[in-house]
Amino acid sequence: MEKARFCTKIVGGEDLTKYNNQIVEIIDSKTIRWDTRYTIKFKDGKIAKNIMSCELDFDYWYE
């Protein structure tokens, strides 16, 4: 199971900023042109689709 730290500044549409700095589970990924889009799962079970790679940090430290 791949995990990453989520951090976004995007507040358009559904505001996911309340999940910033949360370690999330990567469920799926798709490459669209030059960017990879991810489907992720938050700790509370919420699933978000089309998360851009710039919103995820795969090189993070556990706290």
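What you are looking at is a predicted structure, and each value in this text was computed from that prediction instead of being measured.

**A closer look at the state of the cysteines**
Across all of its chains, the model carries zero disulfides by this definition. Here C7 is not disulfide-linked; the sulfur of C54 is the nearest cysteine sulfur, at 9.9 Å.

**Here we look at the sheet that holds strand β5 (residues 56–57)**
The strand order across the open sheet built from five strands is β4-β3-β2-β1-β5, with neighbouring strands paired in antiparallel fashion. Sheet topology places β4 (47–52) and β5 at the edges, where each strand pairs with a single neighbour. Examined bridge by bridge, strand β1 (residues 3–6) and β5 share two bridges and lie antiparallel to one another. By the bridge assignment for β5, F6 is matched with L56.

**Topic: the packing of aromatic side chains**
This model, assessed by the stated rule, comprises three aromatic pairs. With a centroid separation of 5.3 Å and 85 degrees between ring planes, the pair formed by F6 and F42 is classed as edge-to-face. With a gap of 36 residues between them, F6 in strand β1 and F42 in the loop between β3 (35–41) and β4 connect regions that are remote in the sequence. The class for F6 is buried, based on a relative accessible area of 0%. Judged by centre distance (5.5 Å) and plane angle (50 degrees), the ring pair of Y38 and F58 falls under tilted. Of this pair, Y38 sits in strand β3 while F58 sits in the segment after β5, and the two are 20 residues apart along the sequence. What makes Y38 buried here is its relative accessible area of 12%. One aromatic cluster is present, built from ring pairs that chain together F6, Y19 and F42.

Each value, and the rule that gives it
- Position labels on residues start from 1 in each chain and follow its written sequence.
- The predicted origin of the model limits local features to residues at a pLDDT of at least 70 and limits the giving and counting of side-chain atom pairs to 80 or more, whereas totals for whole chains, interfaces and linings rest on all residues.
- As a rule here, side-chain values come from all non-hydrogen atoms in the structure, and water together with hydrogens is ignored.
- Cysteine sulfur pairs qualify as disulfides if the two atoms are within 2.5 Å.
- Should DSSP find at least two bridges between two strands, the strands are regarded as paired.
- The way it works is that DSSP assigns letters per residue, a run of H or I at least four long becomes a helix, a run of E at least two long becomes a strand, and they are numbered from the N terminus.
- Here a pair means two rings of Phe, Tyr or Trp (six-membered ring of Trp) with centres within 6.5 Å. Their orientation is stacked below 30 degrees between planes, edge-to-face above 60, and tilted elsewhere.
- Exposed residues in this analysis have more than 50% of their type's maximum accessible area, buried residues have under 20%, and partly exposed residues fall in between, with area computed by a 1.4 Å probe over protein chains only.

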